[in-house]
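Spelled out, the chains give:
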Amino acid sequence: MDHEDFTSHYVSLASSDGLERAAAMLARDGLVTFDGVHDRRSVVDLASRLLTTWEHRDAGADGVTMIADRGSVADRLGYAGFGTRELHPHTDASALARPPRLVMLVCIQPAESGGESCVVDGAAVYADLAARAPGFLQRLRRPGTVRFGDPGYWGSVFEPTVDGRVTVRLRLDGLEHFTEPVDEAVPVLRAVISRYERDLPLRPGQGYVLDNWRMLHGRREFRGSRLMYRVLGDPVSAWVLPSGFVPGSLAVVGASTDAWDRP
Ligand SMILES: [Fe+2]
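These figures come from a predicted structure and were not determined experimentally.

Reading the values: rules and limits
Residues numbered from 1 in each chain as written. Predicted model: local features only at pLDDT ≥ 70, side-chain atom pairs only at ≥ 80, totals over all residues. Heavy atoms only, no water. Helix = DSSP H or I, 4+ residues; strand = E, 2+ residues; numbered from the N terminus. Buried < 20%, exposed > 50% of the residue type's maximum accessible area, 1.4 Å probe, protein only. Contact = heavy atoms within 4.5 Å. Donors = N, O, S within 2.8 Å, 3.2 Å for Na, K, Ca; no water. 1 Å grid on protein atoms, 1.4 Å probe; cavity = no way out; pocket = protein on both sides within 12 Å on 5 of 7 lines; lining within 4 Å. Points joined across faces, edges and corners; volume = space filled by probe spheres on them. Nonpolar A, V, L, I, M, F, W, Y, C, P; charged D, E, K, R; others polar. Axes fitted to C-alpha atoms, helices over the stretch in contact; angles between N-to-C directions. Parallel < 35°, antiparallel > 145°, perpendicular 65-115°, else oblique. Left-handed = near helix turned anticlockwise from the far one by under 90°. Pairing = 2+ DSSP bridges.

**Student:** Got a minute to help me understand the environment of Thr84 in this structure?
**Tutor:** Summarising the element assignment, Thr84 is placed in the loop between β3 (64-67) and β4 (87-90). Given the relative accessible area of 26%, Thr84 is considered partly exposed. As for Thr84 and Arg220, which are separated by 136 residues in sequence, their C-alpha atoms are 8.5 Å apart. When near neighbours in sequence (up to four residues on either side) are disregarded, Thr84 contacts Asp69, Arg219, Glu221 and Phe222.

**Student:** I'm lost on the coordination of the iron ion in this one. Help?
**Tutor:** In an ideal tetrahedron of four donors about a metal, each angle is 109.5 degrees. In an ideal octahedron of six donors, the angles are 90 or 180 degrees. Here the iron ion is held by His90 (NE2), Asp92 (OD) and His217 (NE2), and the distances to it run 2.1 to 2.2 Å. Look at where the donors of the iron ion fall in the sequence and you get H-x1-D-x124-H. Of this pair, Asp92 sits in the loop between β4 and β5 (102-109) while His217 sits in strand β15 (residues 215-219), and the two are 125 residues apart along the sequence. In terms of burial, Asp92 and His217 fall into one category: buried.

**Student:** Whenever I open this one, the layout of surface pockets confuses me. Can you help?
**Tutor:** Left-over empty space is what a probe sized like a water molecule reveals as it rolls over the atoms. A volume near 1,000 Å³ is recorded for the largest pocket. Those elements giving two or more residues to the lining of the largest pocket turn out to be β4, β5, β15 and β17 (227-235). Counted by class, the lining of the largest pocket contains 17 nonpolar, 13 polar and 13 charged residues.

**Student:** What is the right way to look at the packing of helix α4 (residues 122-132) against helix α6 (residues 182-195) in this model?
**Tutor:** To characterise two packed helices, one gives the angle between the axes of the helices and the distance between these axes. For the pair α4 and α6, the least separation of the axes is 9 Å and the interaxial angle reads 125°. Classified by the interaxial angle, the pair formed by α4 and α6 is oblique. Pair α4 / α6 crosses with right-handed handedness. Taken together, the residues of α6 that come into contact with α4 (itself represented by Val125, Asp128, Leu129 and Arg132) are Val188, Leu189, Val192, Ile193 and Arg195. Residues belonging to the contact of α4 with α6 are distributed by class as follows: six nonpolar, no polar and three charged.

**Student:** Before we go on, may I ask you to explain the sheet that holds strand β7 (residues 117-121) in this structure?
**Tutor:** Two strands in a sheet stick together by hydrogen bonds in their backbones, pointing the same way (parallel) or opposite ways (antiparallel). Reading across the sheet, the four strands line up as β4-β15-β7-β13 and stay open at both edges, with antiparallel pairing between neighbours. On the outer flanks of this sheet lie β4 and β13 (198-200), each paired with one strand and no other. Averaged over all adjacent pairs, the angle separating strand axes in this sheet is 25°, with direction ignored. Relative to β7, α4 is tilted by about 45°, and along the sheet it contacts β7 and β15.

**Student:** Any chance you could explain the sheet that holds strand β12 (residues 176-178) here in plain terms?
**Tutor:** Strand order in this open sheet of three strands is β9-β8-β12, and the pairing throughout is antiparallel. Two strands lie at the open edges of the sheet, namely β9 (153-155) and β12, each paired on one side alone. Shown here is a sheet whose adjacent strand axes are inclined to one another by a mean of 20°, direction ignored.

**Student:** Which parts of the structure should I look at to understand the packing of helix α5 (residues 134-141) against α6?
**Tutor:** Their axes nearest at 9 Å, the elements α5 and α6 cross at an angle of 120°. Judged on the interaxial angle alone, α6 and α5 are oblique. Along this stretch, α5 crosses α6, giving a crossing that reads as left-handed. Between α5, through Phe136, Arg139 and Leu140, and α6, the contact on the second element is made entirely by Val182, Glu184, Ala185, Val188 and Leu189. Within the contact of α5 with α6, the residues separate by chemical class into six nonpolar, no polar and two charged.

Below is the structure:
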């Protein structure tokens, strides 16, 4: 039986209106799940219908990156994806001034144990902080206070867009540099993120595409020969995908300002 989040965001991309529904779902929820993609050629075919593929350091000429355990490669900073450890929810290519809009991930072989994909809605994290810890949220919005990557990009965890929306950008893999006073807000941010982590275990042939400017993604630690194919890119030109999310569009159930914000 499929996981609840997989089912609730599932779109049959083979159906005649599949792409249209996927675009609407992405704009609404920042996440679409699909299935029926079992090999590299099918991944490339589907990717070409969804996005304009970006070149990436680790990708092949077809834009596909094989995410698998490559032993000691994962010990290098920025290469943790090629190990077996847990990956904290993050933004892909956060060191770029403009990260790719979409991340597509397809499961070719799940791990023996663990290795579940997980996602976090930046809109939910933002809404929670706005309700419970507005002071910390202000720090996380302050421009030029966080460096993502090295030499990387100086920005903020939450960044307002020109049209009044907000985007999220995060990495916590050792290649981030938080300046004061943002530094103090990071433990709070971590705690809120963990509250909104949703597991998305994928079976062979299943995958997701998510809005990299709204959703964070990660994975659990695992054992065994796990293989995923990843493609980064921007939506095909026919799709209108508004940037990030509308602040305040998600209500936080039972929220009350608590001790988060007190010194
Ligand atoms: Fe990633």
